[in-house]
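What follows is each chain in one-letter form.
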Amino acid sequence: MLNTAREPMTPFHKPSTTLGSKVAPLALASAILLVAACSALLIPLLLDVKEKRLWVQHTYEVLAELDTIRTGIGDAEASQREFLVAHEDERLAPYRAAIRSLSEATGKLSTLVSDNAAQVARARTLDQQVSEKLADLSRSLQQPRSATPLPQQGTADAQRGAVLTRQIRETIQIMRREEQRLLTTRSNALEQVAPRSIAFAVGTLLLALLALTAAGYLAVREIRRRTQAETVLQTSERRYRLLAENTIDIVRLLSSDPQQAYTSPATRTVLGYEPEEFAILPPEELVHPDDLAHAQVCRTGLSPEHPSRVGTHRYRHRRGHWVWLEVAYRLMEADNADLVLAVARDVTQRKSQEEVLRAAVADAKTARAQAEAASQAKTDFLASMSHEIRTPLNGILGYTDLLLAENQLNPGQRLRLERIHSSGSALLTVVNDVLDFSKIEAGQIEIEPRPFALAALVDNSLSIVRSLAEHKNLALSAHVGMGVPENLVGDQDRLRQVLLNLLNNALKFTAKGSVTLQIGHLPDASLPAGERRVRFSVTDTGIGIPAAKRELLFERFSQVDNSTSREFGGTGLGLAISQRLVQLMGGQILVASEVGQGSTFSFEVVLPLSESADQGAHRPVPASRTGAVSQGANVLLAEDLEINQDIARSILEAAGHRVDIAADGVRAVEAVQQRVYDLVLMDVQMPIMNGIAATRHIRSLGTAYVDLPIVALTANVLPHQVQAFTEAGMNGHIGKPFKRDELLAAVERWARDVPATRELVEGETLPENNSVPEESGFNVAVFNEVLDLLGPVRTGELLRRFDQELDARIGADMKGRTPGEFAGHAHALASQAGFLGFVALRERCLAVEAICMEEPEKADLAVLLSGLMRQRDAVRGPLLQLEASLVNGSP
Ligand code: ADP
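Fair warning: this is a prediction, and the values are worked out from it, not measured in the lab. (Residues numbered from 1 in each chain as written. Predicted model: local features only at pLDDT ≥ 70, side-chain atom pairs only at ≥ 80, totals over all residues. Heavy atoms only, no water.)

Caption draft 1: Fine view of the sheet that holds strand β11 (residues 590–594). Strand order in the open sheet formed by five strands is β7-β9-β10-β12-β11, and the pairing between neighbours is mixed. Only two strands of the sheet have a single partner each, and these edge strands are β7 (475–480) and β11. Averaged over all neighbouring strand pairs, the angle between strand axes comes to 15°, with direction disregarded. Where β11 lies against strand β12 (residues 598–608), five bridges are found, and the strand directions are antiparallel. Its bridge partner being in β12, L590 is matched across the sheet by S602. (Pairing = 2+ DSSP bridges. Helix = DSSP H or I, 4+ residues; strand = E, 2+ residues; numbered from the N terminus. Axes fitted to C-alpha atoms, helices over the stretch in contact; angles between N-to-C directions.)

See below:
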């Protein structure tokens, strides 16, 4: 954090080291060392020279003493003689002086030669000789002056004196020679040593001087450099200080060393504190409690791996309010976590803007969530409204359909019924339009291109509106132009919806004349080879539309003349929906019209070519069928409402189908296990178990139920609902209220075919504890052999008997039987079934027989019975058809 220690303010300082600063003391030390080394070598040399010089000096001193002795003896003799001649006392002065000097000289000499044993001996001899001489002289001087020496005595004295003198001179001579020799030797030695020492001394001195000069030079240079560096540093420091002190950000150097620490004066403007005051404030007082921990992490978390960090925290202003500071921490030196640069910027404004933005985003999210909730609510409302309106409408339209199909109505009743029916239809149109438009607006409608046959689309569309055209006595026709491909890829359901809207409008607003659907191919070179531009147009000879109103045609809820809605009905949504659908297909509906003459609505879409139309998946819905479709389909109708049960059952049974009713999902699941159905019509909203759960349940029963067609019969028709049906395993859906023809068309489309030659039953398995093999169906070859053998009459007779046997042996009354009785019935049926070619039934009977005989205690008779009953039902249809064909003579 910005505050971590109590640090006084110090200026920036950073000492610098250079090469010069290291070399100068080194050179100085080297010079001193050199001088010391030279001195160590030179001193003994000089001492040696001195010693040798002392010895020479010493020799000279010895020689001088010897000379003194010799001179003293001479002086004493001369003085003695002069006194003897003159007898004057003063003539003895030299003699007395000589005695003193001789005494000193001999004493000195003894000392001087003390280092030389030979000379010591000689000096002793000399000393003795001198003493004798002086004694001799003294004796001669002490003789009385009147006594005249005898000539012989005088001569003897003289001779003795001369001998003594000679001896002294000889001793002195010997000693002198010795000293001369020593002098020569010592002088030579001195001469040899002295010049070398001087040369060495001079050289050393020069070297030392050189070293000192170099060291001095470096020292001077270093001092100059340091001075310069100091100046540069001071300049730069001044500059940085100026920067730090004038920047609006707080700049701090954080360190435990007070000498390093620094706080810029921006603390005054940013937080209201004096820098010194700020620097010693403890973090707990300064940083917001919520931010303290993070601030501490930012400051202390710096390391060579993470040398910088940025944190945004609240700091207390001196006046008490909080200020947001964005603090950037950086290690000043990579390896020194103690010295940190912290630059703090006031980001309070930015923070408050962020807060505003965050609040705005949160508001937007809430608004969006509310909008989505509203949209969801709208979707849910539409779903529920659609369901709630469609369900009673189903009753109205269904019953009027049924009543209109009866012949006992008088004209008045028929008219009223027709009005009820047309009112219901109008209401259904309104519901459909509103739903469609809502779906388009919610982006829930997607174009799903699939291959389709254009001729079938045209035929289908015209057939739906033909009754209206016939009713109004209008000529209705279609023209498909030359070159229009037969098979295209597009969303034919949506194309049909648009065409029906245009055709319906044309018929609605035309009183006499004709309505024509034209389809043409427009050559378009810009299109890829596999695509065609197709133009659809619907032309009528009706009331026409004024030019001023044409623009509004495609607006929702717009009608050219409000009175028309009373006359012709409609919501004003049809064209808006059609336009959106065509736009989704990449086209645009255009209108050309003349009031009183008629109108043409047209649009162009680009559709890819297809090699074949997808007839199987999207078989066109027959518009009007009066006869029954595939006869005798076994239909299970899962529907809870009695009205709906009644209507659907009436329509289906009137068309020749057999209908069982299950009032809820659970009963539907049970029913499919007890009989074989060609189709299950499944309501979705049912008590106990809904249609989706029931479908899932049925699909999970085993392989026999995978292909069982299950079609939702429901008022839930929104895309996400339809999606849910598919996911649950339903094959398709019919919207309620359904029209009679639609229902029958759906049965025709979805019900499993029941031709005489088809394999009877697809594979199915029993529960695992009764491992009866899967049925393999009906073997027509076996049956034909029987036919050849017995002929049609007897074979027919056999089939009837077998039919009766089936009822007798496989029925609800078997429930109380024992395994042994089960086995007996199964055995009896197995042989008859096998004889007639009903292989699957035979195998099942044999398997049941085996289980009942071999493991009677394990046999689940209820399950075995239900399997047998399913198999019985499965053969019933073909059995009857075979009987019928034998009667008709065309097997
Ligand atoms: P509606 O359900 O009212 O028919 P549409 O959107 O299909 O809604 O049509 C809107 C209005 O456009 C109609 O009410 C009618 O006034 C006018 N209109 C549509 N087609 C024709 C036509 N072929 N001839 C004359 N007027 C038409």
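Now that the structure has been shown, the text picks up again.
Caption draft 2: Up close: the packing of helix α9 (residues 348–405) against helix α16 (residues 642–654). Their axes nearest at 10 Å, the elements α9 and α16 cross at an angle of 35°. The two elements α9 and α16 cross, and the hand of that crossing is left-handed. When α9 is examined against α16, the residues T391, N394, G395, G398, Y399 and L402 are found in contact with a partner set consisting of I643, N644, D646, I647, S650 and I651. In terms of residue class, the contact of α9 with α16 is built from five nonpolar, six polar and one charged. (Left-handed = near helix turned anticlockwise from the far one by under 90°. Contact = heavy atoms within 4.5 Å. Nonpolar A, V, L, I, M, F, W, Y, C, P; charged D, E, K, R; others polar.)

Caption draft 3: Structural view of the sheet that holds strand β2 (residues 262–263). The strand order across the open sheet built from five strands is β2-β1-β5-β4-β3, with neighbouring strands paired in antiparallel fashion. Here the strands that pair on one side only, and so sit at the sheet edges, are β2 and β3 (308–316). Relative to strand β4 (residues 322–333), β3 runs antiparallel, the two being bridged by nine bridges. Its bridge partner being in β4, R316 is matched across the sheet by W322.

Caption draft 4: A look at unusual backbone geometry. The phi dihedral of N473 falls on the positive side, at around 60°, and the residue is not glycine. Looking at the element boundaries, N473 is found in the loop between α11 (454–471) and β7. Take N473: its relative accessible area is 70%, and that puts it in the exposed class. (Buried < 20%, exposed > 50% of the residue type's maximum accessible area, 1.4 Å probe, protein only.)

Caption draft 5: Representation of the packing of aromatic side chains in the model. In the structure shown here, the tally under the stated rule is three aromatic pairs. Taking the centre distance of 6.0 Å and the plane angle of 40° together, the rings of Y273 and F278 count as tilted. Each member of the pair, Y273 as well as F278, is classed as buried. Between F802 and F838 the ring centres are 5.7 Å apart and the planes differ by 15°, which places this aromatic pair in the stacked class. Here the residue F802 occupies a position in helix α21 (residues 780–809), and F838 occupies one in the loop between α22 (819–836) and α23 (839–854), the gap between them amounting to 36 residues. Here F802 and F838 have matching classes, each one buried. Geometry around W324 places K351 over its ring, the cationic atom sitting 4.5 Å from the centre. (Phe/Tyr/Trp six-rings, centres within 6.5 Å; stacked < 30°, edge-to-face > 60°. Lys NZ or Arg CZ within 6 Å of the ring centre and 35° of its normal.)

Caption draft 6: View of a nonpolar patch on the surface. Where nonpolar side chains cluster on the molecular surface, the patch consists of I198, V202, L205, L206 and L209 and spans about 490 Å² of accessible area. Here L209 shows up in helix α4 (residues 151–246). (Patch = residues over 30% accessible without salt bridge, like charges linked within 9 Å, V, L, I, M, F, W, Y side chains within 5 Å. Areas by Shrake-Rupley, 256 points an atom, 1.4 Å probe, with all protein chains shown as cover. Salt bridge = Lys/Arg side-chain N within 4 Å of Asp/Glu carboxyl O.)

Caption draft 7: Expanded view of the packing of α9 against helix α10 (residues 411–441). For the pair α9 and α10, interaxial distance at closest approach is 9 Å and the crossing angle is 155°. When the interaxial angle is binned, α9 and α10 end up roughly antiparallel. By crossing handedness, the relation of α9 to α10 is classed as left-handed. Here the contact of α9 with α10 is composed, by residue class, of 14 nonpolar, seven polar and four charged. (Parallel < 35°, antiparallel > 145°, perpendicular 65-115°, else oblique.)

Caption draft 8: Spotlight on the side chain of D660. Along the polypeptide, D660 turns up in strand β14 (residues 658–662). For D660, the side chain forms a polar contact with the side chain of Y677, separated by 2.3 Å. D660 has contacts with V635, L636, L637, R675 and Y677, leaving out every residue within four places of it along the chain. (Polar contact = N/O pair within 3.5 Å; in protein donor to acceptor, adjacent residues only side chain to side chain.)

Caption draft 9: Broad picture of α10. With 31 residues, α10 extends 44 Å between its outermost C-alpha atoms, agreeing within 8% with the 45 Å of an ideal straight helix rising 1.5 Å per residue. Of the residues flanking the end of α10, it is G443, one or two places downstream, whose phi is positive at about 70°. (Expected span 1.5 Å × (residues − 1).)

Caption draft 10: Up close: the nonpolar core. Of all hydrophobic cores here, the largest spans 43 residues; its most connected members are L454, F536 and F603. Elements with a contribution of two residues or more to this core: α10, α11, α12 (492–508), β9 (514–522), β10 (531–540), α15 (574–584) and β12. Of all the elements, α12 adds the most residues to this core, at eight residues. Each residue touching F603, except ones within four places of it in the same chain, is listed here: L495, V498, L499, L502, V534, R535, F536, V582, Q588 and I589. Listed in part, the 32 residues of the second largest apolar core include A830, C852, M869 and V875. (Core = buried A, V, L, I, M, F, W, Y, C linked by side-chain atoms within 4.5 Å.)

Caption draft 11: Representation of the confidence of the model for the protein chain within the structure. Residues at a pLDDT of 70 or more form 88% of the protein chain, whose mean pLDDT is 81. For the stretch residues 5–15, pLDDT sits under 50, and the model shows 38 contacts to residues farther than four places along the chain or on other chains. The low-confidence segment residues 753–776, where pLDDT is below 50, has 67 contacts with residues more than four positions distant or belonging to other chains. (pLDDT = per-residue confidence, 0-100.)

Caption draft 12: Quick look at the pairing of strand β5 (residues 336–346). Summarising the sheet, strand β1 (residues 250–254) and β5 pair through five bridges and their orientation is antiparallel. Bridge pairing in β5 places I250 opposite A344. In textbook terms, the turn of a hairpin is the stretch between consecutive antiparallel strands, and for β4 and β5 this stretch comprises two residues.

Caption draft 13: Quick peek at the environment of P819. Structurally, P819 can be placed in helix α22. Distance from P819 to P856, taken between C-alpha atoms, is 5.8 Å for residues 37 residues apart in sequence. Not counting residues up to four positions away in its chain, the partners in contact with P819 are C852, P856 and L861.

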